[in-house]
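Given next are the chains, with one letter for each unit.
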Amino acid sequence: MASSVQILLVGGTADGQTVTVELDSNGRPPLTHHHLGSGGLADAQIYELESAREEAREWRYRWTGPAV
């Protein structure tokens, strides 16, 4: 059974929200998250994974810009 974790979104229109993602076989979340806006993919925002505290295996997704 896959494990999951909640990760904070930082910046962009979803700042402060969290998303639940599944961890891979190495215990790491996906490298990117595409946060859909009210217009679906047309309003999607891209967030990239970064370590918040490496020693504690804490992550966050940092906004990098719109998908289009």
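Residues numbered from 1 in each chain as written. Predicted model: local features only at pLDDT ≥ 70, side-chain atom pairs only at ≥ 80, totals over all residues. Heavy atoms only, no water.

S.K.: Looking at this structure, how should I read the sheet that holds strand 4 (residues 40-53)?
M.R.: Strand-to-strand pairing in sheets goes through backbone hydrogen bonds, with the strands running parallel or antiparallel. Taken together, five strands build an open sheet; the order of strands is 2-1-5-4-3 and the sheet is mixed. Every interior strand has two partners, whereas the edge strands, strand 2 (18-22) and strand 3 (32-37), have only one. Going across the sheet, the axis of each strand differs from the next one's by a mean of 40 degrees, ignoring polarity. (Pairing = 2+ DSSP bridges. Helix = DSSP H or I, 4+ residues; strand = E, 2+ residues; numbered from the N terminus. Axes fitted to C-alpha atoms, helices over the stretch in contact; angles between N-to-C directions.)

S.K.: Where do I start with the pairing of strand 5 (residues 58-66) in this structure?
M.R.: Along a regular strand, successive side chains alternate from one face of the sheet to the other. Bridge count between strand 1 (residues 4-10) and strand 5: three bridges; the pairing is parallel. Bridged to leucine 8 within strand 5 is arginine 60.

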